[in-house]
Amino acid sequence: MPVPMIDLKAQYALIRDDVNAAVARVLESQQFRGGAESEGFEAELAAFGQAKHAIALASGTDALLLMFKALGIGPGDEVITTPFSFFATAGALVNAGATPVFADILPGTFNLNPEAVRAAITPQTKAILPVHLYGQCADMDAFRSISSQAGVHLVEDAAQALGASYKDQPLGTGTAGAALSFYPTKNLGAAGEGGAVLTNDDAIAERLKLLRCHGSAVQYEHQIVGTNSHLHAIQAAVLRVKLRHLADWNEARRAHACYYFKVLGDLPGVVLPEALPGAYHVYHQFVIRVPRRDACVALFKERGIGCGVFYPKPLHLQDCFQQLSRALPCPEAERASREVLALPMFAEMTRDQQDEVAAALRDHLAAG
Ligand SMILES: Cc1ncc(COP(=O)(O)O)c(C=O)c1O
């Protein structure tokens, strides 16, 4: 039985009427930017995220870029981050004019290693940018303490982690803000592109509102140079429908993760993901390490079972960053890139589908 990596049609089937009505509402209103849907979504997102402000933007990439701009991060500034993330994490830094400084990850959680970050701080360091990879918060106690000691900003790349928390503290706690992505395959996915920032800082929220609108609060008056980065009203309307289900969907993902732990726990050589104590993991991805990873990918493909490699090449090894970044040794990120395998994970997944994944993994290991 084929098993998809994610099944957006299954999700849509459950909410079709509400989504269709939401889209129709926007079309009837003919208001495609701002207005009731956008404002309603921002208020509901802030409430869901337990943050003072949610600023909706055109993408997660813009959420990062505009956060950096809001904080005045630019040329001459170094920002310490992980090399084991989606490209946008560091790409947005370069687009802001800053220099990414890559520090290694922890092998268990795949998240940025606080000790490596400490070692990477220089007088040029302006911020630390942990990524809550795969839906699990990085060690935020450690990063809050390092950033306050060093007197630098702390920004969260929470693109994969809406709904995650650390020691019951929501995203944005004690940081400048958390960047979110609503890329369609995210736990909260739009019908297109979208992003947002959650922040408790009034000044940053105001700055982001200016930046997303070419620096203008009053039409044709521009206080600063920003860009055009709005969440489309159709996306806002769709996301409002989906947001009502997100807590349940995240819980379903956690239940599926528990089942994977149960059925994969005894597989020789397979390393299951490590939970950071106190972290509420929303399992955007369920990522294991597996021997002979690339052969396993081939077998999954043959059987029509979805899987993914996030990420096959760490950022510090990407051609484009050779001149534009600085990197400490990152052996764990390099090892992870050779060993990780993301298994199918979506709220509507069935136990039969998970059993099929487990059987394929067992067959792969037996073939070795
Ligand atoms: C860790 C991380 N950061 C940033 C982004 C960028 O988000 P977007 O694709 O919405 O621009 C993504 C998602 O794709 C991501 O996974």
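Everything numeric here is computed off the predicted structure, so don't read it as measured data. (Residues numbered from 1 in each chain as written. Predicted model: local features only at pLDDT ≥ 70, side-chain atom pairs only at ≥ 80, totals over all residues.)

## Details of the sheet that holds strand E12 (residues 326-327)
Here is step 1 of the chain: Judged by pairing direction, the sheet is mixed, and its eight strands sit side by side in the order E1-E9-E8-E5-E4-E2-E3-E12 without closing on themselves. Two strands in the sheet have a free side with no partner beyond their single neighbour: strand E1 (53-57) and E12.
Here is step 2 of the chain: Direction of pairing for strand E5 (residues 153-157) relative to strand E8 (residues 177-181): parallel, over a ladder of three bridges. Its bridge partner being in E8, aspartate 157 is matched across the sheet by alanine 179. (Pairing = 2+ DSSP bridges. Helix = DSSP H or I, 4+ residues; strand = E, 2+ residues; numbered from the N terminus.)

## Here we look at the packing of helix H3 (residues 60-70) against helix H7 (residues 202-211)
Here is step 1 of the chain: Two numbers describe how H3 lies on H7: the axes approach to 9 Å, and their chain directions differ by 120°. You can see that H3 and H7 cross each other, and the crossing is right-handed. Between H3 and H7, the residues in contact are Leu66, Lys69 and Ala70 and Ile204, Arg207, Leu208 and Leu211, respectively.
Here is step 2 of the chain: Its residues placed into classes, the contact of H3 with H7 shows five nonpolar, no polar and two charged. (Axes fitted to C-alpha atoms, helices over the stretch in contact; angles between N-to-C directions. Left-handed = near helix turned anticlockwise from the far one by under 90°. Contact = placed C-beta atoms within 7 Å. Nonpolar A, V, L, I, M, F, W, Y, C, P; charged D, E, K, R; others polar.)

## What about the site of the ligand?
Here is step 1 of the chain: Taken together, 15 residues are adjacent to the ligand, and Ser59, Gly60, Thr61, Ala159 and Ser181 come closest.
Here is step 2 of the chain: Of the residues in the shell around the ligand, the class split is five nonpolar, eight polar and two charged. (Near = placed C-beta within 6 Å.)

## Topic: the domain arrangement of the protein chain
Quite often, the size of an interface is put as the accessible area lost when its parts meet.
Here is step 1 of the chain: Here the protein chain is described as being made up of domain 1 (8-240) and domain 2 (245-367).
Here is step 2 of the chain: Relative to domain 2, the C-alpha centre of domain 1 lies at a distance of 24 Å.
Here is step 3 of the chain: Counting residues per element, the ones that place at least two in the side of domain 1 that touches domain 2 are helix H1 (8-29), helix H4 (88-95), strand E3 (99-102), helix H5 (114-120) and strand E6 (165-166). (Domains from an automatic or database assignment.)

## Side note on the environment of alanine 359
Here is step 1 of the chain: Examined against the element boundaries, alanine 359 turns out to sit in helix H11 (residues 351-367).
Here is step 2 of the chain: The exposure class of alanine 359 is partly exposed, given the 14 C-beta atoms found within 10 Å.
Here is step 3 of the chain: A C-alpha to C-alpha distance of 9.4 Å links alanine 359 and valine 263, two positions 96 residues apart in sequence. (Buried ≥ 20, exposed ≤ 12 C-beta atoms within 10 Å, placed from the backbone.)

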